[in-house]
Amino acid sequence: HLPPPPGRWLLQDVREVGYKTERGRGSESPALPIQSEREPLPSKGLSGCSFGGRFYSLEDTWHPDLGEPFGIMHCVLCHCEPQKSRRGKVFGKVNCKNIKQDCPNLDCDDPVLLPGHCCKTCPKRVDDMKQTDSVLDSFDYFLEKDKEKVDDLHKSYNDRSYLSSEEVGSEESRTDFVAVLTGVTDSWLPTSSGVARARFSLTKTSLAFSVTYQRMERPSRITFLDSDGTAVFEYRVPRGQSHMICGVWKNLAKPLMRQLQSEQIRISMSTSRREEVEGKIIKHRALFAETFSSTLTSENQNSGMGGIAMLTLSDTENNLHFILILQGLIKHKEKEPHVVPIRVQLVYRQHILREIQANITSHDPDFAEVLTDLNSRELFWLSRGQLEIAVATEGQDPRQISGFITSRKSCDTIQSVMSSGDALTPGKTGGVGSAVFHLHDNGTLEYQVQVAGLTSDFIGLTIEVKPRRRNKRSVLYDLTPEFSKATGRAQGSWSRLEARHIHMLLQNELFINVATVHNQDGELRGQIKALLYNGLEAARHELPVPLAGHFVSPPVRTGASGHAWVSVDRQCHLHYEIIVAGLGKSDDITVNAHLHGLAEIGEMDDSSTTHKRLLTGFYGSQAQGVLKDISVELLRHLDQGTAFIQVSTKMNPRGEIRGQIHVPNSCEFGTRGEEEEDGEFDDYLVKDVEELKKDPQTCFFENQHHAHGSRWTPNYDKCFSCSCQKRTVICDPVICPVLTCPKTVQPSDKCCPVCDDRKEPKDMKTPEKVEEHLEGCYFEGDQKMHAPGTTWHPFVPPFGYIKCAVCTCKGSSGEVHCEKVTCPVLTCAHPVRRNPSDCCKECPEEEKSVAALEHSDMMQADGPRHCKFGKNYYQNSDNWHPWVPLVGEMKCITCWCDHGVTKCQRKQCQVLTCSNITRREGTCCPECVGKIRTRIVTKMEDAKREETQQK
């Protein structure tokens, strides 16, 4: 009962309704999936187009991706065109066209079609192919330099250097940016000598930033400027002593995100004394591999120049790669670029260890190089932060900037969750280990570790690398002497980190291992990795709350574990961040099979009056958020240390892992009181009425404003449930659960009857309170817990309730089973739907004729095992080449009908090993350019030979 994959659903959308926006769907919409398509929500207050699971802003253009095996339609260009409604509201409409007829006429004899292009191009000449790309935004240049000198690079380093952070994976999906901030030179104020380096990570619609600065006092304000120089976001810097600033810019509007991706956003930083530095935010692939860095400053006052160096070690050899981004070092007033000679030196206490001389241009002052074969002393000084890199221009007016090389700095937290499921020999012990690390500039690594729930006596705590052979551990550092068996904790510092170890630590290549008497190779193990800064008010420098099956009542022997940071702010809002390890996906194919688990918060007392709240659902290894509507009782339990955080799963709905939390607070009156216990947990918070009026997506219904995404019971009928979806109110009837109790009562304020159990009134469960069940099912669509045995129409934003499907909560296992409503096979030619809310059609009284195949309802239940593709029907075992709008027949793809299911496959092509690949028109597979040229020359020679013979 899982929905089709996004690519397949898009294909269905293209076949059945053509290229349409979600706003402009016709009456014949495709069969909707049981689960909502996980498309990114548009930025607040913006109009645009939804297409194929993505949101596009007005004026966006793109090539549609039909998914496998069709791929991206490079000859089709879609455009989100702005339209105005009668009321003057601007909305988006998708318009797609074939751009093949717009291809230019070429003057070469043998044009080629390159992969990923629509139009043919003339093949590059040999001298063109020798030209190299710019070193900016890539480590490719000095990787090749390194190969020429030593040819020692390990393949894994090669792979890392070519990958951007956007290509890592779903859980780590992010884009990294960097900016160099130097003094403003075109101001009437004295130019600053300060230099700042800002690192940014874009995830979805939030931009986290870490800023370090030198030669200036602590800034008071950080401002982001758009392409017009207008301030679009301002961050007031909190007071502090460190030279690190951490912040998050949340909910970036789509146009600003586009400007950020195209490097049109600038960042400015100013102090209370009006000292200002600024710079442009740029993408840089070097950020992905960077493990060491340096901020370069000038000793001259009011210099307005500076730079940064991003450095990394080779994975196998002691080669130090670096790239320099320089600003203000070269004064260029001429329009034409000129060459400037520079010297780059590696210095230790005024002694020059290495020197490189090179030329850079005034318009492109960035430089990349590799220092090969660092000796043991140089590596030692590198690990201690004692090496200095200096860059100087040569000539009549020499200028120099320099800075010490230290480990990469950021606001991210280095941490690890240790679980038995991740041990070298995986197990299910119910134990947990948690660790937090802090790396200093001098190479010292501070650590805090806690362990609980071990099945036998502790014997060892070590930091290790990945074993080279199975069960052959490679220990770097032994933390055992610092471990206290009485407290289950270890705290100390590792002051002998080598440069190689720092590199591996910042590349997430180290592990922490707990050994016991019965598991001497390790009972618990976890990867040490950086956790991205997210702006939540959680004290990450402190040890988090450990979460383990050992703490569940009764204890659960599980391979999963976790830890959580929890805090309560001055507004009595709960900030939480939970990391789990060992929670695998369910093997059962159910609607929520991809849901890893549920996080909830409650009190340790297991009585029937437990005040428990659902926090969120897990779809990866972490969950985070802010809970604003907490009851007074739960806040009191947090203050007394009698509350818990628990993660429940399908296998263990009563709790897979749990941890006791103690958060001192003075919230005597709570936040919004107890009566809101059945509201949404975090996503849709109650907003101020004036804010709701300003929001263009707000719904106005029964003289009240409702936020987008909110749900409520209307005044006109308590047996209906309404929701607001982008200014549209959708109301659907409530389905009452089937009750198995002998006696029922009908509460006056409720729609559905409930069991009448006078002896135990506390056990009465109403549909509005199903999220408080210890046993039950969590459904992603409405984000609620459902009691065992209850049935409901699935709620799928933004479509509302899907009437042609019914979901059932299967007992205490927590399994949600959704089925399509089975409609009877009709014999009439023109069935009708009696009521708009009905799922199945019926035959009119006056029609008794047999229904034609083309008029049958696609929502009807199982019929003949034929397939429908587009407007055509195919019998079982038929095969055909698909026809796609605006593209035509796709001869390289073959589809066939397999018992009612359409399957398509692209023609398999052999793997080519040549570097210059092209594809001729009319062929399905790419070929090497050399082979094509040989074929063309052969044909020309054959033609000449025939011409000679005829003469």
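Please read these numbers as outputs of a predicted model, since none were measured by experiment.

The rules we used
- Residues numbered from 1 in each chain as written.
- Predicted model: local features only at pLDDT ≥ 70, side-chain atom pairs only at ≥ 80, totals over all residues.
- Heavy atoms only, no water.
- Helix = DSSP H or I, 4+ residues; strand = E, 2+ residues; numbered from the N terminus.
- Buried < 20%, exposed > 50% of the residue type's maximum accessible area, 1.4 Å probe, protein only.
- Contact = heavy atoms within 4.5 Å.
- Areas by Shrake-Rupley, 256 points an atom, 1.4 Å probe, with all protein chains shown as cover.
- Salt bridge = Lys/Arg side-chain N within 4 Å of Asp/Glu carboxyl O.
- Lys, Arg positive; Asp, Glu negative; His and termini not counted.
- Disulfide = S-S within 2.5 Å.
- Core = buried A, V, L, I, M, F, W, Y, C linked by side-chain atoms within 4.5 Å.
- Pairing = 2+ DSSP bridges.
- Phe/Tyr/Trp six-rings, centres within 6.5 Å; stacked < 30°, edge-to-face > 60°.
- Lys NZ or Arg CZ within 6 Å of the ring centre and 35° of its normal.

Caption draft 1: Representation of the overall build of the chain in the model. A count of helical and extended segments in the chain gives 11 helices and 63 strands. For the chain, with 951 residues in total, the buried portion stands at 47%. Within the chain, contacts between residues separated by at least 24 positions form 56% of all contacts whose residues are at least 6 apart in sequence. Just so you have it, the chain exposes about 48,900 Å², and 48% of that area is on carbon and sulfur atoms.

Caption draft 2: Looking closely at the pattern of salt bridges. Within the structure shown, the criterion is met by 16 salt bridges. In this structure, the salt-bridge partner of glutamate 355 is arginine 343, at a minimum N-O distance of 4.0 Å. Of the two residues, glutamate 355 sits in strand S19 (residues 351-361) while arginine 343 sits in strand S18 (residues 339-348), which places them 12 residues apart along the sequence. When its relative accessible area of 23% is taken as the criterion, arginine 343 is described as partly exposed.

Caption draft 3: Summary view of the side chain of aspartate 569. Residue placement: aspartate 569 occurs in the loop between strand S34 (561-568) and strand S35 (574-581). In this structure aspartate 569 is buried but unpaired, with arginine 570 as the nearest side chain of opposite charge at 7.4 Å. Every residue in contact with aspartate 569, bar those within four places of it in the chain, is listed here: Glu537 and His575.

Caption draft 4: View of the state of the cysteines. With the rule as written, the count across this model stands at 16 disulfides. The disulfide bridge from cysteine 78 ends at cysteine 96, spanning 2.0 Å between sulfur atoms. Between cysteine 78 and cysteine 96, the S-S torsion sits near 105 degrees, and that sign places the bridge as right-handed. Of the two residues, cysteine 78 sits in strand S4 (residues 76-84) while cysteine 96 sits in strand S5 (residues 90-98), which places them 18 residues apart along the sequence. Owing to a relative accessible area of 10%, cysteine 96 belongs among the buried residues under this scheme. With a sulfur-sulfur separation of 1.9 Å, cysteine 823 is cross-linked through a disulfide to cysteine 840. Its S-S torsion of approximately -80 degrees makes the covalent link between cysteine 823 and cysteine 840 left-handed. Here cysteine 840 lies in the loop between strand S54 (815-820) and strand S55 (867-869) and cysteine 823 lies in the loop between S54 and S55, a separation of 17 residues in the sequence.

Caption draft 5: Up close: the environment of proline 398. Summarising the element assignment, proline 398 is placed in the loop between strand S21 (388-393) and strand S22 (400-404). Owing to a relative accessible area of 52%, proline 398 belongs among the exposed residues under this scheme. Residues proline 398 and isoleucine 330 lie 68 residues apart in sequence; the distance between their C-alpha atoms is 9.6 Å.

Caption draft 6: The nonpolar core, seen in detail. Within the largest apolar cluster, 60 residues are counted, with the highest numbers of intra-cluster contacts made by Leu324 and Val449. Excluding anything up to four places from it in sequence, leucine 324 contacts Leu296, Ile308, Ala309, Val344, Asp366, Phe367, Ile389 and Val391.

Caption draft 7: Here's a closer look at the sheet that holds strand S29 (residues 483-484). One open sheet accounts for nine strands, arranged S28-S27-S31-S32-S24-S25-S26-S30-S29; its pairing is antiparallel. The open sheet has two edge strands with one neighbour each: strand S28 (472-478) and S29. Here strand S27 (residues 458-469) runs beside S28; their pairing, made up of five bridges, is antiparallel. Across the sheet, the residue bridging to threonine 462 is aspartate 478, located in S28.

Caption draft 8: A look at helix H8 (residues 499-506). In terms of burial, H8 is a largely internal element, eight of the eight residues being buried. One or two residues past the end of H8 sits asparagine 508, with phi positive at roughly 60 degrees.

Caption draft 9: Highlighting the packing of aromatic side chains. Going through the model one piece at a time under the given rule, you end up with 15 aromatic pairs. For the ring pair phenylalanine 200 and phenylalanine 224, a centre distance of 6.1 Å and an interplane angle of 70 degrees mean the geometry is edge-to-face. Here phenylalanine 200, found in strand S7 (residues 195-203), pairs with phenylalanine 224, found in strand S9 (residues 221-225); they are 24 residues apart in sequence, far enough to count as distant. Looking at phenylalanine 224, the relative accessible area reads 0%, which means it is buried. Here a set of aromatic residues connected by ring pairs shows up, and it is made of Phe200, Phe209, Phe224, Phe233, Tyr235 and Trp249. Sitting over the ring of phenylalanine 644, arginine 658 keeps its end group 4.0 Å from the ring centre.

Caption draft 10: Local environment of the sheet that holds strand S61 (residues 901-906). Strands sit in the order S57-S60-S61 across an open sheet of three strands; the sheet is antiparallel. In the strand order of this sheet, the two ends are held by strand S57 (879-880) and S61, each with one partner. One ladder, built from six bridges, connects strand S60 (residues 893-898) with S61; its direction is antiparallel. Bridging across to S61, cysteine 897 finds its partner in threonine 902.

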